[in-house]
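These are the residues of each chain, in order.
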Amino acid sequence: MAAAACVFLAPRILAQEREIRVAAAADLKFAMTELAQQFEGQTHDKVSVTYGSSGNFFSQIQNGAPFDLFFSADIEYPKKLEAAGFAEPGTLYEYAVGKIVIWAPYQTPTDLKNQGWNALLSLAVQRIAIANPDHAPYGRAAVAAMQKAGVYEQARFRLVYGENIAQAAQFVQSGNAQIGIIAKSLALSPAMKDGEIWEIPADMYSPIEQGAIVLKSAKNKQGAQKFLDFLKSESGRRVLEKYGFALPNMPKANSAVPSRP
Amino acid sequence: MSMDSLLLSFRLALCVSAILLVLAMPLAYWLAYSSWRGKFLVESIVALPLVLPPTVLGFYALIAMGPRGPLGKLWIALFGHGLAFTFTGLVIASILYSFPFAVQPLIASFESVDQRLLHASAILGAGKLRTFRRVILPLSLPGVITALVLSFAHTLGEFGVVLMVGGNLAGVTRTVSIDIYDRVQSLEYGAANRMAIILLVISFGVLAAVYAINRRVWTPWTAK
Amino acid sequence: MDREVNLPSLAADIRKERRGAHGSTFTLDVSFEASPGITILFGPSGSGKSTLLDCLAGFLQPDDGRIAVNGAILFDSGNRVELPPQKRNIAYVFQSLALFPHLTVGQNVEYGLQQLPAPDRQKRAAEILEAFRVGKLKDRKPGEISGGEQQRIALARSLVTRPRILLLDEPLTGLDAALKSSIIEDLRVWNAANRIPILYVTHSR
C-alpha cells in the first residue's frame, strides 16, 4: 500500500519541482505564451504564468507570493526587491524595452495613419484609454509622450485609466474607448488585429525598461534560471522582437518607420 | 488627504440604495406573496450576484454598456455618448451587484407579517395597495431599513465591478476602494491605510445600526 | 316586541377538501342557513370550523358550493362568482384578534371606515367604543391593554362597518367567566339593534 502511494505521489512531487512559476506583467501576455511554449518544447519543464500588474506582484512577492520568476514591466520593482533582499543575487536582467503605440479600432472613424497625434483630438474620440500613470510604466510613458507632442492639455479630459496596460487595451478593444495608447506588444496580438497602429517615436518618452529577477524564495531556482537563460538566447530574443519589444543591447531601431508583421 | 473618493463612494452608495429600494419593493412583494410555482427560478436569478465574482459581473456590464451591447446602443442613441466610465454607468452596475442585498431582507420582512393581520385588513375593505401601505410596510420597517443599509454598505465596499467599468476617473468613478488600491500600487501605504481605516469605521457604524434595529434595541412601537 | 319573521340571512352550501398533516385529507361538507341572532357552531378541534369561516369570508375558495347573504351571492362555483373579501361586507374576528399593533385603538376601529369623511369616521368609532365600554382607550396601543379590552376592541372594529354577518372564531378564550358574560351581553345588546346573523364557532362550552 505504501509502495502504491509512493508510486502515485512520486511523479506529482517530481512534477512540482519541475514546474516553473512565473509572475509576468500584463503586456507580456502574448509574448510570454509563445516563449513558454517554445521552452516547454525544448525541455520538459512546465512553465505556468500568472499575468497581472507589476505593482501588484511587487506587493505580493514581499508578502510571500510563491513565484520563481518575476517579469516586471518596470525595472524599478525588481531593483527594489533586490535591494530589499527578495531577489536571488546577480539574476537582475533587463529583458526588453517596451514600446507604446496609438491604437484605434477600424470602427473609430479617424485616419490614424495620417493623423497621428491629432487623432486623439478628433471629434469622433470621446474617450482615450491609457494605463494608470500613477503606477503603470506604460501609463507614465503615454502621458510623457502626449506632453512632448503638445496634445496632453487638450486630451487629458478624455482620458480613462486602465488598472494595467491590458485593461487599457481592453477598454479600446471593446469599443468603450474610441482610441488608446497601449503597449506595442499587445497591439500586435491577434486579439487586436481589427485596428490601426501608429508607432510613437521612442524619443518622446523615457524608455520603458522591463526587468526580471529570480526570487530568493523560489522553489525551483534551477528551472527559473534556465527559463531566464532561454529569454537571453537567440530564439528567446526573436520572440520578444516579434511581439514588438526592443532589446536592450541591440542597436536602437529606426523610430521613423512603423512596422507591423 | 483628498476626501474626493470617499465622498464619491458615499454618493454612489446613497444613489444606489435609494433606487434599489424602489426597484426591490415590488419584486420582494411579489416573491413574498405570490403562489406561482416558478417562483424559485426568479429567486435564484435574484441571488445570482451573490455568487458571481464581481469582476465577471463588471466584465459583462462593460460589454453591455459598450457600443456593441444592448444597453450601450440605447444610451448612445439617447445621449450621444457611452455609459462606461460614467457615474451613471457605475450606478447601474452597482444596482445589479447589490440587488439581492435589498430584495432578500424585504422578502423576509414581508413574510414575517402575521397573515391574519393581512386578512383583517382585507375583511375591513382595504385593497392590496392600502394593505401594503398601512399594514405591511409599517410592520416591515426593520426589513426596509436593513435592505437600505445593507445595499448602502455593500456598495461602499464595492471594488471588482467598479474596477471593470469605472476607468478610474477622479471625482467621477474613482471610488475609495479603487483609490486605496491605487495607493497600494504606488506604494503610498500611509494614505492607503488612512482611507481604509475611515472606511472601516464607517462601515462598522452602519452595520452596528442594522443589528441594533434587528435586535429590537429600537422599535417604532410598543411590542405586544 | 313584535314577533320577528325569521328570514334566513345567510345560506351556505360548502364542500372543501383540505390537506392535513402527514398527507391525510379532510373534506368539509356543510349546508346550512342562519337567521339574525347568535348561531353557535360547536365541534371539536380539527372539525373544520376555521375552514368554514375562511370560506365564508373569502380567504379560502370552496371546491364546490354557494354562499349567499341576504340574497346577494358571495360565491357560486357553478356560475363562477367569487367576491374578494373586501367586497363581502362581512365581519370576522379571528381567534388571535389580529389588532394592528402599530396603530392606536381609535385608528384600528376607524380602519374599515375610509370611505367616510373624517368627522363621521371619528363619531361612529367613538359611538361603538362607548357601546362596548372601551371609549377611554381610544389613544392607547393594543399592546398596552388587557385581554378583555382587546376582545371588545376587536368586536368594535369589525362591527363599526355595519356588516351583514359577523363571524367569531373561538372568541373570548382565556377570559374568566364573568368577563365573558359581560362581553357577550354587550354583543347581544348590539345585535338587538342590528339584526344580523352572528356565527359563534367554539369547541368549549
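Residues numbered from 1 in each chain as written. Chains lettered and ligands numbered in written order. Predicted model: local features only at pLDDT ≥ 70, side-chain atom pairs only at ≥ 80, totals over all residues.

(A) Structural view of the interface of chain A and chain B. Facing the 16 residues of chain A at the interface are 18 residues of chain B. Listed by contribution, the elements that provide at least two residues to the side of chain A that touches chain B are helix H3 (54-62) and strand E7 (159-162) of chain A. The element that contributes the greatest number of residues to the side of chain A that touches chain B is H3(A), accounting for three residues. The class makeup of the residues in the side of chain A that touches chain B is three nonpolar, 10 polar and three charged. (Contact = placed C-beta atoms within 7 Å. Helix = DSSP H or I, 4+ residues; strand = E, 2+ residues; numbered from the N terminus. Nonpolar A, V, L, I, M, F, W, Y, C, P; charged D, E, K, R; others polar.)

(B) Structural detail: the domain arrangement of chain A. Residue and element names in this part refer to chain A. Domain assignment breaks chain A into domain 1 (9-97 + 208-242) and domain 2 (100-199). Taken over C-alpha atoms, the centre of domain 1 sits 28 Å from the centre of domain 2. Across the boundary between the two partners, domain 1 contributes 11 residues, which contact 13 residues of domain 2. Among the elements that line the side of domain 1 that touches domain 2, the one with the most residues is helix H2 (residues 29-42), at three residues. The residue makeup of the side of domain 1 that touches domain 2, split by class, is six nonpolar, two polar and three charged. (Domains from an automatic or database assignment.)

(C) Main features of the interface of chain C and chain B. With 19 residues of chain C at the contact, the number on the chain B side is 18 residues. Here the side of chain C that touches chain B is composed, by residue class, of 11 nonpolar, six polar and two charged.

(D) Inspection of the confidence of the model for chain A at higher detail. Residues and elements named next belong to chain A. Looking at chain A as a whole, the pLDDT averages 87, with 89% of positions reaching at least 70. Mean pLDDT in chain A bottoms out at helix H1 (residues 2-18), which sits at 59, and peaks at strand E3 (residues 69-71), which reaches 96. Long-range and interchain partners of residues 250-261, a stretch whose pLDDT sits below 50, account for 11 contacts in this model, where long-range means more than four residues apart. (pLDDT = per-residue confidence, 0-100.)

(E) Here's a closer look at the sheet that holds strand E4 (residues 64-69) of chain C. Residue and element names in this part refer to chain C. Taking strand neighbours across the sheet as the criterion, the five strands line up as E2-E1-E4-E5-E6 in an open arrangement whose pairing is antiparallel. Either end of the sheet is taken by a strand with one partner, and the two such strands are strand E2 (25-34) and strand E6 (81-82). Judged from the two bridges that link them, strand E5 (residues 72-76) and E6 form a sheet pairing that is antiparallel. Bridge pairing in E6 places Phe75 opposite Glu82. Sheet strands in contact with helix H1 (residues 49-57) are strand E1 (10-19), E2 and E4, and its direction is about 120° off that of E1. (Pairing = 2+ DSSP bridges. Axes fitted to C-alpha atoms, helices over the stretch in contact; angles between N-to-C directions.)

(F) Layout of unusual backbone geometry. For Phe85(B), which is not glycine, the phi torsion reads 65° and is therefore positive. Turning to its location among the elements, Phe85(B) is positioned in the loop between helix H4 (70-79) and helix H5 (87-111). Judged by the 27 C-beta atoms lying within 10 Å of it, Phe85(B) is buried. Phi is positive for Arg133(C), which is not a glycine, with a value near 65°. (Buried ≥ 20, exposed ≤ 12 C-beta atoms within 10 Å, placed from the backbone.)

(G) Looking closely at the confidence of the model for chain C. Summary statistics for chain C give a mean pLDDT of 88 and a share of 95% for residues scoring 70 or more. Here the predicted complex carries an ipTM of 0.90, next to a pTM of 0.79.

(H) How the structure looks around the pairing of strand E10 (residues 208-214) of chain A. Residues and elements named next belong to chain A. Along E10, six of the seven residues are buried, which leaves the element largely enclosed by surrounding structure. Across three bridges, the pairing between E3 and E10 is antiparallel. Pairing of Leu69 across the sheet is with Val214, part of E10. Strand direction decides the pairing type here: strand E4 (residues 93-98) and E10, joined by five bridges, are antiparallel. Among the inter-strand pairings, Ala96 is bridged to a residue of E10, identified as Gln210.

(I) View of the environment of Lys46(A). All names here are of chain A. By the element assignment, Lys46 lies in strand E2 (residues 46-52). A residue is classified by how many C-beta atoms lie within 10 Å of it, and Lys46, with 15 of them, is partly exposed. Separated by 18 residues in sequence, Lys46 and Leu28 have C-alpha atoms that sit 18 Å apart. Contacts of Lys46, omitting those with residues within four sequence positions, involve Arg18, Glu19, Ile20 and Glu40.

(J) Fine view of helix H3 (residues 118-131) of chain C. Residue and element names in this part refer to chain C. In this model, H3 (14 residues) spans 20 Å end to end at C-alpha, consistent with the 20 Å of a helix rising 1.5 Å per residue. Every buried residue of H3 is listed here: Ala125, Ile128 and Leu129. Buried residues in H3, looked at end-on, bunch into an arc of 105°, giving them a common side. Opposite the buried face of H3, by more than 90 degrees, sit the exposed residues Pro119, Asp120, Lys123 and Glu130. Residue Arg133 follows H3 closely and has a positive phi angle near 65°. (Expected span 1.5 Å × (residues − 1). Arc of directions from axis to C-beta.)

(K) Spatial organisation of the arrangement of the chains. The highest contact count of any of the two pairs of chains in contact belongs to chains B and C. The smallest C-alpha distance separating chain A from chain C is 51 Å, and no contact links them.

(L) Region of the structure containing the packing of helix H1 (residues 4-33) of chain B against helix H8 (residues 141-156) of chain B. Residues and elements named next belong to chain B. It is at 8 Å that the axes of H1 and H8 come closest, and there the two elements cross at 140°. By the angle between their axes, H1 is oblique relative to H8. Considering only the axes of H1 and H8, their crossing is right-handed. Here H1 contributes Ser9, Leu12, Ala13, Leu14, Val16, Ser17, Leu20, Leu21 and Ala24 to the contact with H8, which in turn contributes Ala147, Leu148, Ser151, Phe152, Thr155 and Leu156. Partitioned by chemical class, the residues of the contact of H1 with H8 number 11 nonpolar, four polar and no charged. (Parallel < 35°, antiparallel > 145°, perpendicular 65-115°, else oblique. Left-handed = near helix turned anticlockwise from the far one by under 90°.)

(M) View of the sheet that holds strand E7 (residues 90-93) of chain C. All names here are of chain C. Strand order in this open sheet of four strands is E3-E9-E8-E7, and the pairing throughout is parallel. Edge positions in the open sheet fall to strand E3 (37-42) and E7, since each of these has one partner strand only. Averaged over all adjacent pairs, the angle separating strand axes in this sheet is 15°, with direction ignored. The pairing of E7 with strand E8 (residues 165-169) spans four bridges and is parallel. Paired with Ala91 across the bridge in E8 is Leu166. Contacts from H1 reach E3, E7, E8 and strand E9 (197-202), with the element oriented near 150° to E8.

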